[in-house]
Amino acid sequence: MLEFIQEKLGRAMASLSGKGLLTEADVDAALRELRVSLLEADVALPAIKHLMANVRERAVGEAVLRGANPGQLVVKIVYDALVELLGTETPLELKASPPAVILMCGLQGGGKTTTSGKLAKWLQETQKKSVMLASLDVYRPAAIEQLAILADKTGAQSFGHESTDVMVRAKAAMAEAKKRSVDVLILDTAGRLAVDETLMAELVAVRDLVKPTASLLVADGQTGQVAVEVAKAFHDQINLTGLVLTRMDGDARGGAALSMRHVTGVPIVFLGMGEQVGALEPFRPEGLAGRILGQGDVVALVGKLQAAAASEDGSKLEEKMMQGKALDMNDLKKQMLMMKRMGGMSGLMDMLPGMGALKGKIDPSKVDDKVIVRQVAVIDSMTAQERKTPAMLNAKRRIRIAKGCGLSVHDVNKVVKMHEQMNQMTKMMKSGKLAAMMKGMKR
Ligand SMILES: Nc1nc2c(ncn2[C@@H]2O[C@H](COP(=O)(O)OP(=O)(O)OP(=O)(O)O)[C@@H](O)[C@H]2O)c(=O)[nH]1
Ligand SMILES: [Mg+2]
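From a predicted model like this one, the values you see are computed outputs, not experimental measurements.

What counts and what doesn't
- Residues numbered from 1 in each chain as written.
- Chains lettered and ligands numbered in written order.
- Predicted model: local features only at pLDDT ≥ 70, side-chain atom pairs only at ≥ 80, totals over all residues.
- Heavy atoms only, no water.
- Phe/Tyr/Trp six-rings, centres within 6.5 Å; stacked < 30°, edge-to-face > 60°.
- Helix = DSSP H or I, 4+ residues; strand = E, 2+ residues; numbered from the N terminus.
- Buried < 20%, exposed > 50% of the residue type's maximum accessible area, 1.4 Å probe, protein only.
- Pairing = 2+ DSSP bridges.
- Contact = heavy atoms within 4.5 Å.
- Axes fitted to C-alpha atoms, helices over the stretch in contact; angles between N-to-C directions.
- Near = heavy atom within 4 Å.
- Polar contact = N/O pair within 3.5 Å; in protein donor to acceptor, adjacent residues only side chain to side chain.
- Areas by Shrake-Rupley, 256 points an atom, 1.4 Å probe, with all protein chains shown as cover.
- Nonpolar A, V, L, I, M, F, W, Y, C, P; charged D, E, K, R; others polar.
- Core = buried A, V, L, I, M, F, W, Y, C linked by side-chain atoms within 4.5 Å.
- Domains from an automatic or database assignment.
- Expected span 1.5 Å × (residues − 1).

*Asks:* Would you explain the packing of aromatic side chains in this entry?
*Replies:* Given two aromatic rings, their pairing is described by the distance between the two centres and the angle made by the two planes. Tallied over the entire structure, the rule returns one aromatic pair. Taken together, a centroid distance of 4.9 Å and an interplanar angle of 80 degrees make the contact between Trp122 and Phe270 edge-to-face. Taken together, the residues Trp122 in helix H6 (residues 112–126) and Phe270 in strand S7 (residues 268–272) connect sequence positions 148 residues apart. Owing to a relative accessible area of 3%, Phe270 belongs among the buried residues under this scheme.

*Asks:* Honestly, the sheet that holds strand S8 (residues 280–282) in this entry has me stumped. Any pointers?
*Replies:* Read across the open sheet, the eight strands follow the order S3-S2-S4-S1-S5-S6-S7-S8; overall the sheet is mixed. Each edge of the open sheet carries a strand with a single partner, namely strand S3 (157–158) and S8. Note that S7 and S8 share three bridges and pair antiparallel. Its bridge partner lying in S8, Phe270 is registered against Pro282. Sheet strands touched by helix H7 (residues 143–154): strand S2 (131–135), S3 and strand S4 (184–188). Its angle to S2, the strand with the most contacts, is close to 165 degrees.

*Asks:* Could you clarify how one ought to interpret the site of ligand 1 in this entry?
*Replies:* Contacts to ligand 1 come from 20 residues, most closely from Lys112, Thr113, Thr114, Arg247 and Glu275. Interatomic distance of 3.1 Å between a side-chain N/O atom of Gln146 and an oxygen atom of ligand 1. Between ligand 1 and the protein, one listed contact pairs an oxygen atom with a backbone N or O atom of Gly191 at 3.4 Å. Compared with its free state, where it exposes 650 Å², ligand 1 has 83% of that area covered by protein. With four residues, the single largest contributor to the shell around ligand 1 is H6. Here the shell around ligand 1 is composed, by residue class, of two nonpolar, eleven polar and seven charged.

*Asks:* How should the nonpolar core be read in this particular structure?
*Replies:* If you look at soluble globular proteins, the nonpolar side chains tend to sit buried side by side. Among the nonpolar cores identified, the biggest contains 69 residues, and Leu185, Leu187, Phe234, Leu245 and Ile268 are the most heavily contacted of them. Ranked by the residues each element gives to this core, the list is headed by helix H5 (residues 70–86), at eleven residues. Each of domain 1 (2–86) and domain 2 (100–289) gives at least three residues to this core. Counting 25 residues, the second largest nonpolar core, distinct from the first, contains Leu94, Ile102, Leu133 and Phe270.

*Asks:* Honestly, helix H3 (residues 24–40) in this entry has me stumped. Any pointers?
*Replies:* An α-helical turn contains 3.6 residues, so any two residues separated by three or four positions project in the same direction. The end-to-end C-alpha distance of H3, which contains 17 residues, comes to 24 Å, matching closely the 24 Å that a straight helix rising 1.5 Å per residue would cover. All of the buried residues along H3 are Asp26, Val27, Ala29, Ala30, Leu31, Leu34, Ser37 and Leu38. Positive phi shows up at Asp42, right after H3, with a value of about 70 degrees.

*Asks:* For this particular structure, what's the right way to read the pairing of S2?
*Replies:* In the case of a regular strand, side chains alternate between the two sheet surfaces. Among the five residues in S2, five count as buried, and that is most of the element. Taking every second residue as pointing to the same face, both faces of S2 are buried, with Val131, Leu133 and Ser135 on one and Met132 and Ala134 on the other. Two strands pair when backbone bridges link them, and S2 and S4 are joined in this way by five bridges, in the parallel orientation. Opposite Ala134, over in S4, you have Leu187 as the bridge partner. Relative to S3, S2 runs parallel, the two sharing two bridges. Directly across from Leu133, in S3, lies its bridge partner Ser158.

By themselves, these are just geometric observations and shouldn't be taken as functional.
Dropping the structure here:
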């Protein structure tokens, strides 16, 4: 599908290559194609509309990069918007005085019991938690047995209790988990064919009793639009903390996941990737965005475009430096963002001419993403004038900037210092001293 869009866009915007900027008409043509394909991927209309508006705003006026065609650029913008819409990676919330209680809910056959087993394995193996599995499904014959088998398979503790009263079982499971001092208690509940009042009331009663740390909706990722209504209904009643989409090993493109996330605002936490207990993946927005767009190639494309953007920014900056022009805070910010895009200091070192020699002399861990984000925050709280004329940054202004970004004056001073160093380097470049210095270092 991705190729198809790229090709169509390429054609729709053939006239564009000369202009170098995406116009509103170009973008609209591109978005028409995209809309169809998102509908095919089962993305709900409100989510599509939101996405389209977002993409249009970002894309119009965007410069087409060297080494990329307009179609690719729009796909990249759509991909970024999709990643954003899918939300960040949200770790499962387990902070509670033990036991943390995870309440599993969802429609019949959605994968609650299987996912309970998978979660037990994941929590024990990757989070080093002790886990107890307890079934509150007293309706389906063999449901309790099914969970006990999973406990056995994963080495989780099992909950044997003879009562067929859901509330009695819930209470006893809580007491038992406390007594055995397990870290996490997973409560598997009965499925419902549709959103059913009696069962929903029971689920609410259980929730009020156990006060879960996490309430997860387990939903079949292959169901299309209905999933959205189901998620809404469960969220209204239970106040979900996370979504788990199962059967993502099938050929569903994952549009339902996006829609559910968009409509409820509840983060997706896991994807079920098969029937085996090991088939559970923490959710990654990039992966699913690529899948919704139709193929993994989007990742390679994104990488390529990032490299193109960075080298374009890089060569502009380099040109300015070579000419010995003074660089302002905007240039510094550009340089920092470039660093971030290129995966930190070492990536940038490879790009700037002559910088290879400095490699190994600078500890890249000191220039990690977090540091860069802070430095950019400092520059962002400067006024436009201050960014253009860093010399005007007196003590009073620095205090204001520090307040503005919630960092210390020390942090502001560091950025000002960096800017000075950058300009010293520029002067050295012009005079050829830098090259001489590099030679010296190599020896
Ligand atoms: N392919 C695939 N199958 C899955 C996945 N998760 C669950 N299943 C299968 O879906 C079926 C139903 O799973 P259950 O875990 O029993 O579903 P449930 O929600 O507990 O069902 P009820 O208790 O009847 O409401 C089983 O055959 C599972 O093996 C998944 O991620 N991928
Ligand atoms: Mg079940």
